[in-house]
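Residue-level structure breakdown
For reference, the chains in residue letters:
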Amino acid sequence: MARRNGKARSGMVGILDVGSSKVCCLIARLDGEGPPRVIGAGHQVSAGVRAGVIVDMEAAEQAIRNAVHAAEAMAGETLREVVVAATAGGPLSRRLDVEVAIDGQAVADTDLRRIQVQIAAFGDGGAPRLNGNGHVNGTARPSELELLHAIPLGYALDGHRVDDPRGMHGQRLGAAAHLVSVRAGALRTLRTVVESCHLDIEQIVAPPVAAGLATLVEDEMDLGATVLDMGAGTTNIAVFNDRRLVYADQVPIGGAHVTNDVARGLSTPLAHAERMKTLYGSAMPGAHDDIDIVDVPQVGEPDAYAANHVPRSLLNGIIGPRLEETFELVRARLADSGAAPLAGRRLVLVGGASQLSGVRELAALVLDKQVRLGRPLRLRGLADALAGPAFAVPAGLVAYAAEHSGDYGVPEPLPTGEAAGLIGRVGSWLREHL
Ligand SMILES: Nc1ncnc2c1ncn2[C@@H]1O[C@H](COP(=O)(O)OP(=O)(O)OP(=O)(O)O)[C@@H](O)[C@H]1O
Ligand SMILES: [Mg+2]
């Protein structure tokens, strides 16, 4: 498929985010001037998706069809192609260093292509893992992974970092890339389901890429910032530094786990637990929690009088620990992967579950960062209902489709003959230079 390299495009784009709690389809018009304008939106309660992975193809297909039809009806257009977010048991973050011999010549475009070939060749295996994502790591063999993004991190000539090596002389040209992969099987299932809705997949994007593109401001992207997309079934981590995604990971806990804990802990139906959580719940204890009383309808008791009356401290005593656990896992992932020094002081929270009261304060405490709540930037025409933090990933997919594809795309594999010349993977020069 012909794609431009990092250039803005014009026309229409469609995106699809198949989440654990909602499916969202957006259609946006790109006129080359200003941010994309949303002309159609459909969102719909998700079905058949657990922790971002499709577990019931028929149910998921129906939910996707409904969301797409709603967006098409609003836009008055028919979608043929979509850019799709894929959690698919990922993301798996790996870092790859490659090197080719230049032998004193000036670096030419063909050398950069040789570098690209190396990166593409290593894409599905070999590169060391950065993260500890339970779904993929430890169990998946390289062939079970599919590469979504190979993000260039920089070049080095004879071990010295250079911005653009073309025309420079040296012996060895090195490059580093950040590879983001997902589970190949889960991705194939997602593809099958989307295609059964008569949609071609233009591009597949890892949700952390989209979350960052939608919400980070320029300074945050430059100086280093972490984005947490707190969804229903997953919490996605993205670390941006020097304008690039340098680390992506996922903790398999989200807002649905909090709701489940409340339902179980207070013996109340899930729908009530969800309502109590959003209306009265907080991640942080409040001064009046012991005297504030909330009604808890009991499972199997249709009569409101049969409700239990419990202090709010009981509710928050269930919610707080689950969120604390989530943030502690995030902190451990950042520390274990070596991404912590790149992650910056700034933490941006998005996703539906970031709307819980007290989440910002708790995140600041556990992760020791300046925390702000994010919402989609760089998109026009978003109705209020779609401008909230739960729609960061859909908005980021539109931004990606509009202009960023070239920066994050997988390098096109070249004919194998050109792949000759690999010296080997080199040391971690980039870590020292970043
Ligand atoms: N006001 C609120 N306060 C607390 N939690 C909320 C609020 N609104 C929504 N949530 C929670 O947000 C979650 C849904 O978030 P989101 O729409 O980002 O998930 P998703 O994209 O479908 O899931 P995932 O990304 O995990 O696959 C639900 O668990 C819901 O309970
Ligand atoms: Mg989501």
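Below is a short write-up of the structure.

Reading the values: the criteria
Residues numbered from 1 in each chain as written. Chains lettered and ligands numbered in written order. Predicted model: local features only at pLDDT ≥ 70, side-chain atom pairs only at ≥ 80, totals over all residues. Heavy atoms only, no water. Axes fitted to C-alpha atoms, helices over the stretch in contact; angles between N-to-C directions. Helix = DSSP H or I, 4+ residues; strand = E, 2+ residues; numbered from the N terminus. Parallel < 35°, antiparallel > 145°, perpendicular 65-115°, else oblique. Left-handed = near helix turned anticlockwise from the far one by under 90°. Contact = heavy atoms within 4.5 Å. Nonpolar A, V, L, I, M, F, W, Y, C, P; charged D, E, K, R; others polar. Phe/Tyr/Trp six-rings, centres within 6.5 Å; stacked < 30°, edge-to-face > 60°. Lys NZ or Arg CZ within 6 Å of the ring centre and 35° of its normal. Near = heavy atom within 4 Å. Polar contact = N/O pair within 3.5 Å; in protein donor to acceptor, adjacent residues only side chain to side chain. Areas by Shrake-Rupley, 256 points an atom, 1.4 Å probe, with all protein chains shown as cover. Buried < 20%, exposed > 50% of the residue type's maximum accessible area, 1.4 Å probe, protein only. Expected span 1.5 Å × (residues − 1). Salt bridge = Lys/Arg side-chain N within 4 Å of Asp/Glu carboxyl O.

What follows deals with the packing of helix H8 (residues 312–337) against helix H9 (residues 359–367). The geometry of H8 relative to H9 is characterised by a closest axis approach of 9 Å and an angle of 45° between their N-to-C directions. Here H8 is positioned oblique relative to H9, judged by the angle of their axes. As for how H8 packs across H9, the hand of that crossing is right-handed. Contact with H8, carried on its side by Gly320, Leu323, Glu324, Phe327, Glu328, Val330 and Arg331, involves Val359, Leu362, Ala363, Val366 and Leu367 of H9 and no other residues of that element. Residues that form the contact of H8 with H9 fall into these classes: 8 nonpolar, 1 polar and 3 charged.

Going through the model one piece at a time under the given rule, you end up with 0 aromatic pairs. The side chain of Lys22 reaches across the aromatic face of Phe391, ending 5.3 Å from its centre.

On to the site of ligand 1, then. Around ligand 1, a shell composed of 20 residues is seen, among which Ser20, Ser21, Gly233, Glu274 and Lys277 lie nearest. Within the side chain of Glu274, an N or O atom sits 2.5 Å from an oxygen atom of ligand 1. If ligand 1 stood free it would expose 660 Å²; the protein chains cover 86% of that surface. Among the secondary structure elements, those contributing two or more residues to the shell around ligand 1 are helix H6 (255–266) and helix H7 (270–280). Per element, the largest residue contribution to the shell around ligand 1 is 3 residues, and it comes from H7. For the shell around ligand 1, the per-class residue count stands at 6 nonpolar, 11 polar and 3 charged.

In this model, Asp158 sits at a positive phi of 50°, which is unusual for a non-glycine residue. Note on placement: Asp158 falls in the loop between strand E8 (145–157) and strand E9 (160–162). A positive phi is found at Asp368, a non-glycine position, where the angle reads about 55°. On the accessibility criterion, Asp368 (54% relative accessible area) is exposed.

Here we come to H6. In this model, H6 (12 residues) spans 17 Å end to end at C-alpha, consistent with the 16 Å of a helix rising 1.5 Å per residue. Turning to H6, its buried residues are Gly255, Val258, Thr259, Asp261, Val262, Ala263 and Leu266. Against the buried residues of H6 lie H7, strand E15 (293–296) and H8. Looking one or two residues past H6, Ser267 carries a phi angle of roughly 50°, positive in sign.

Let's shift gears to the pattern of salt bridges. With the rule as written, the count across this model stands at 20 salt bridges. As a salt-bridge pair, Arg114 and Asp111 come within 2.6 Å of each other at their nearest N and O atoms. Highlighted residues: Arg114 and Asp111, both in helix H2 (residues 109–122), separated by 3 residues, approximately one helical turn. A residue is classified by how much of its surface remains accessible, and Arg114, at 17% relative accessible area, is buried. Glu274 is paired through a salt bridge with Lys277; the nearest N and O atoms lie 3.8 Å apart. Here Glu274 pairs with Lys277, and both are found in helix H7, just 3 residues apart, close to one helical turn. For Glu274, a relative accessible area of 36% translates into the label partly exposed.

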